[in-house]
Amino acid sequence: MKLSGGVEWALHCCVVLTAASEPVPAARLAALHDVSPSYLAKQLQALSRAGLVHAVQGKTGGYVLTRPAAEITLLDVVRAIDGASPAFVCTEIRQRGPLATPPEQCVKQCPVARAMGAADAAWRASLDGVTIADLAASVEADSGPDALPAVGAWLNGA
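Okay, so let's go over this structure. From a predicted model like this one, the values you see are computed outputs, not experimental measurements. (Residues numbered from 1 in each chain as written. Predicted model: local features only at pLDDT ≥ 70, side-chain atom pairs only at ≥ 80, totals over all residues. Heavy atoms only, no water.)

**Some thoughts on the packing of aromatic side chains**
Right, on to step 1. This model, assessed by the stated rule, comprises 0 aromatic pairs.
Right, on to step 2. In this arrangement the basic side chain of Arg28 is found over the ring face of Trp154, its NZ or CZ atom lying 3.7 Å from the centre. (Phe/Tyr/Trp six-rings, centres within 6.5 Å; stacked < 30°, edge-to-face > 60°. Lys NZ or Arg CZ within 6 Å of the ring centre and 35° of its normal.)

Here's what the structure looks like:
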């Protein structure tokens, strides 16, 4: 499966937002990740449209998660950024060419479509089983208990 780069940026933003004590401006998130502010703003807008983050207006505005990190899955973020369409779309190749199977005989999906559909379902189930809170816990396990609090302090200008 190939995902857009926006998925990576969006996931990182969601993880670091778990450490912020107040709304974080898009420009601050972009600076943290050394990415174009306009590019990151598009990802944050997609997360906002999907209801995963909320944009707080005003002088102290920025982005916050809309619900606990344990309730936001990686699949939620993937869908927000790349959409919900399956990775594989069957075009019924078996109905083409000199030995084409007539449409009325194609009552079951072909083996290729079944295998690809099963792989897509397994991939989505795997992503649906991991939350932003799980990723944050992994950051703590990998980088120590001070890693995310330090990021949160930086994001909030401390």
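**What about the packing of helix H2 (residues 26–33) against helix H7 (residues 147–155)?**
Axis angle and axis distance: for two packed helices, these are the angle between their axes and the distance between the axes, and together they describe the pair.
Right, on to step 1. Where H2 meets H7, the axes come as close as 10 Å, and the angle between the chain directions of the two elements is 130°. Looking at the two axes, H2 sits oblique to H7. In this structure, H2 crosses over H7, and the sense of that crossing is right-handed. Counted together, Arg28, Leu29, Ala31 and Leu32 of H2 and Val151, Trp154 and Leu155 of H7 form the full contact between these two elements.
Right, on to step 2. Partitioned by chemical class, the residues of the contact of H2 with H7 number 6 nonpolar, no polar and 1 charged. (Axes fitted to C-alpha atoms, helices over the stretch in contact; angles between N-to-C directions. Helix = DSSP H or I, 4+ residues; strand = E, 2+ residues; numbered from the N terminus. Parallel < 35°, antiparallel > 145°, perpendicular 65-115°, else oblique. Left-handed = near helix turned anticlockwise from the far one by under 90°. Contact = heavy atoms within 4.5 Å. Nonpolar A, V, L, I, M, F, W, Y, C, P; charged D, E, K, R; others polar.)

**Considerations on the pattern of salt bridges**
Right, on to step 1. Inspection of every chain in the model, using the stated rule, returns 3 salt bridges.
Right, on to step 2. Across the pair Arg67 and Asp76 runs a salt bridge, and its minimum N-O distance is 3.4 Å.
Right, on to step 3. Residue classification places Arg67 among the partly exposed residues on the basis of a relative accessible area of 29%.
Right, on to step 4. A salt bridge links Asp120 to Arg124; the shortest N-O distance between them is 2.8 Å. (Salt bridge = Lys/Arg side-chain N within 4 Å of Asp/Glu carboxyl O. Buried < 20%, exposed > 50% of the residue type's maximum accessible area, 1.4 Å probe, protein only.)

**Describing the pairing of strand E1 (residues 53–56)**
Right, on to step 1. In terms of strand pairing, E1 meets strand E2 (residues 62–65) through 4 bridges, oriented antiparallel. Within E2, the position partnered with Val56 by the bridge is Gly62.
Right, on to step 2. Here E1 folds back onto E2, and the loop between the two strands holds 5 residues, one of which, Gly58, carries a positive phi near 110°. (Pairing = 2+ DSSP bridges.)

**Here's the deal with the nonpolar core**
Right, on to step 1. Ranked by size, the top nonpolar core spans 36 residues in total, and within it Leu29, Leu44, Leu47, Val77 and Ile132 carry the most contacts.
Right, on to step 2. Every element with two or more residues in this core is listed here: helix H1 (5–17), H2, helix H3 (37–49), E2, helix H4 (74–82), helix H6 (132–143) and H7.
Right, on to step 3. Ranked by the residues each element gives to this core, the list is headed by H1, at 8 residues.
Right, on to step 4. Dropping the residues within four chain positions of it, Leu47 is found in contact with Ala10, Cys14, Leu52, Val53, Val77, Ala80 and Ile81. (Core = buried A, V, L, I, M, F, W, Y, C linked by side-chain atoms within 4.5 Å.)

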